[in-house]
Amino acid sequence: MNNPPVGVIGLGAMGHAVAERLCYQGVSVVATSHDAGSRQKFAHHPSISTRPNPAGVVSELAGGEGMTVLVCVPAGERVTDVVFGPDGLLDGLPRDAELLVIDLSVVAPTVATEMAAALGARGHRYVDAPAAGGPAGASTGTLSIMAGGEPEDIDAAMPWLNLLGRVSRCGPPGAGQVVGVCHQVLVASGIMAVAEVLALAERSGVDPEVARSALIQGYQSSGASRESGPQGLESLARDVGIAQRLAARAGLPSPIVDATNAVVRRLTGLDIDHAAAQVN
């Protein structure tokens with residue numbers, strides 16, 4: 001293989017797709033997950049090997065001039081643990097080795113800036129790179145990636161990010177996360193708008209399925225109206241909550257964000273996805 005091996009931390013739906021995409025593009029992958037079953041899926045894969053923890057991943061990658069690890073885990077606290085916790089990346093890092101962490105997770109911008117500062121102080125690189133497009137986009141290399149970091153760090157991450165999708169350089173550390181949560185607000189508010197107009201159509205005597213079909217034809221660019229598969233409300237609630245806190249810190253009134261957050265949180269925990277909002 002022409003490309004140096006990389007690490008992938010997290011083998012949920014997104015991490016699994018990222019690992020397989022990199023492999024398809026000629027990259028050897030060393031991966032891990034806290035879930036043994038997820039690791040077992042790659043037990044006999046010719047180009048993806050697994051280790052029990054992040055420290056084992058970087059130990060396996062050791063030997064080159066620098067090491068790159070992509071992180072795909074669901075919450076900011078776990079991202080911090082992956083890097084700095086027991087058996088984390090830094091635990092397994094050889095002395096004087098340089099590490100590039102590309103964080104594809106969605107976390108609060110403050111977490112990203114703190115991660116970048118803490119790793120930078122140790123001589124390492126960090127790029128926050130939340131992505132839109134989900135596992136399907138990762139599998140086909142069509143993700144929309146919002147990258148934040150020092151220019152030279154984003155440069156170092158580009159060979160890997162370009163294999164996964166189209167990259168927008170958003171600014172310094174944390175900027176990718178800011179744009180990422182703004183994107184999620186658009187997604188969530190669009191879902192709520194669709195739910196509201198379908199309810200309006202039904203209350204006005206129109207079959208909501210008929211209205212939905214008409215809306216799909218008349219507004220093909222609306223991801224919320226198309227058959228794009230269910231999107232978990234818990235992840236939207238998390239991301240819109242981050243946006244709400246971001247607006248509060250900036251002293252910016254955000255009535256759309258606030259209203260969307262209230263509705264999404266009211267539906268969270270009901271064991272439904274956003275499709276339920278379209279018919280209730």
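The sections below set out a description of the structure shown in this document. (Residues numbered from 1 in each chain as written. Predicted model: local features only at pLDDT ≥ 70, side-chain atom pairs only at ≥ 80, totals over all residues. Heavy atoms only, no water.)

Let's talk about the pairing of strand β4 (residues 67-71)
The condition is simple: When accessible area is computed with a 1.4 Å probe and restricted to protein chains, residues below 20% of their type maximum are described as buried, those above 50% as exposed, and intermediate ones as partly exposed. Helix and strand labels come from DSSP, where a helix needs a run of H or I of at least four residues and a strand needs a run of E of at least two; each type is numbered from the N terminus. Strands are labelled as partners when DSSP assigns at least two bridges between them.
Here β4 lies mainly inside the structure; 5 of its 5 residues are buried. Judged by which residues are buried, β4 turns out to be covered on both faces: M67, V69 and V71 on one side and T68 and L70 on the other are all buried. Where strand β1 (residues 6-9) lies against β4, 3 bridges are found, and the strand directions are parallel. What sits directly across from G7, in β4, is V69. Sheet topology places β4 next to strand β5 (residues 99-103); 5 bridges connect them, and they run parallel. When the sheet's bridge partners are listed, M67 is paired in β5 with L99.

Describing the nonpolar core
In plain terms, the rule: Definition of nonpolar core: a set of buried residues of the types Ala, Val, Leu, Ile, Met, Phe, Trp, Tyr and Cys, connected through side-chain atoms within 4.5 Å. Whether two residues touch is decided by their heavy atoms; if any such pair falls within 4.5 Å, the residues are in contact.
Core analysis: the biggest nonpolar cluster contains 40 residues, and V69, V71, L89 and L99 have the highest contact counts within it. For this core, the secondary-structure elements that each account for two or more residues are α3 (54-61), β4, α4 (76-84), β5, α6 (109-121), α9 (175-203), α11 (233-250) and α12 (255-267). With 6 residues, the single largest contributor to this core is α11. Discounting chain neighbours no more than four positions away, the residues touching L89 are I9, P54, A55, V58, V69, V82, V83, L99 and V101.

Side note on the side chain of S33
Formally: Pairing of N or O atoms within 3.5 Å defines a polar contact, subject to two protein rules: one partner must be a possible hydrogen donor and the other a possible acceptor, and residues neighboring in sequence count only if both atoms are side-chain atoms.
In this fold, S33 is placed in the loop between β2 (29-32) and α2 (36-40). A relative accessible area of 7% places S33 in the buried class. Polar side-chain contacts of S33 include one of 3.1 Å to the backbone nitrogen of D35. Once residues within four sequence positions are removed from consideration, S33 is found in contact with L11, S38, R39 and P52.

Description of the packing of helix α1 (residues 13-24) against helix α8 (residues 151-164)
What describes two packed helices is the angle between their axes and the distance between those same axes. The condition that has to hold: Interaxial angle, 0 to 180 degrees, is taken between N-to-C directions of lines fitted to C-alpha atoms, where a helix line uses only the stretch in contact. These descriptions rest on fixed angle ranges, namely under 35 degrees for roughly parallel, over 145 for roughly antiparallel, 65 to 115 for roughly perpendicular, and the rest for oblique. Three categories are distinguished: nonpolar for Ala, Val, Leu, Ile, Met, Phe, Trp, Tyr, Cys and Pro, charged for Asp, Glu, Lys and Arg, and polar for the others, with Gly belonging to the last.
For the pair α1 and α8, interaxial distance at closest approach is 9 Å and the crossing angle is 100°. The angle between α1 and α8 falls in the class roughly perpendicular. From α1, V18, R21 and L22 reach across to α8, where they touch W160, L163 and L164. Taken together, the residues of the contact of α1 with α8 break down into 5 nonpolar, no polar and 1 charged.

Description of α12
Applicable threshold: Expected span of a helix: the number of residues minus one, times 1.5 Å. What the arc measures is the spread of directions leading from the helix axis to the C-beta atoms.
Taking 1.5 Å of rise per residue, 13 residues should cover 18 Å, and α12 covers 19 Å from first to last C-alpha, within 8% of that figure. Inspection of α12 places V257, T260, N261, V264 and L267 among the buried residues, and these make up the whole buried set. Each buried residue of α12 lies within a common arc of 130° when the element is viewed along its axis, so the set occupies one face. Of the exposed residues in α12, the ones pointing more than 90 degrees away from its buried face are P255 and R266.

Quick word on α8
Operational definition: The quantity called bend is, for any residue, the angle between two axes fitted respectively to the seven residues ending at it and the seven beginning at it.
Relative to the 20 Å expected for 14 residues at 1.5 Å per residue, α8 spans 19 Å between its end C-alpha atoms, a close match to the ideal helical length. Remark: the principal bend of α8, roughly 55°, maps to M158, with a proline, P159, within the next four residues. Buried within α8 are the following residues: D153, I154, A157, M158, W160, L161, L163 and L164.

Quick look at the packing of α11 against α12
To keep it simple, the criterion reads: Handedness of each helix crossing follows the sense of rotation of the near helix against the far helix: counterclockwise by less than a right angle gives left-handed, clockwise gives right-handed.
The geometry of α11 relative to α12 is characterised by a closest axis approach of 9 Å and an angle of 150° between their N-to-C directions. Taken together, the axes of α11 and α12 lie roughly antiparallel to each other. Considering how the two elements wind past one another, α11 and α12 form a crossing that is left-handed. Across the interface between the two elements, L233, L236, A237, V240, G241, A243 and Q244 of α11 pack against V257, D258, N261, V264, R265 and L267 of α12.

Some thoughts on the pattern of salt bridges
Selection rule: Salt bridge, as applied in this entry: a Lys or Arg side-chain nitrogen positioned within 4 Å of an Asp or Glu carboxyl oxygen.
Following the criterion strictly, the structure yields 5 salt bridges and no others. For R238, the salt bridge identified is with D239, shortest N-O distance 2.7 Å. A relative accessible area of 27% places R238 in the partly exposed class. With relative accessibility at 1%, the residue D239 sits in the buried group. When salt bridges with common partners are traced through the structure, they connect E98, R125 and D153 into a single cluster.

A closer look at the pairing of strand β8 (residues 143-148)
We apply this condition: By convention, orient the strands away from the viewer: a clockwise path from the first strand over the helix to the second makes the crossover right-handed.
Of all 6 residues making up β8, 5 are buried, and the element is well covered by its neighbours. The pairing of β8 with strand β9 (residues 165-171) spans 6 bridges and is classified as parallel. From the neighbouring strand, S144 faces β9, where its bridge partner is R166. In this fold, the crossover linking β8 to β9 by way of α8 has right-handed handedness.

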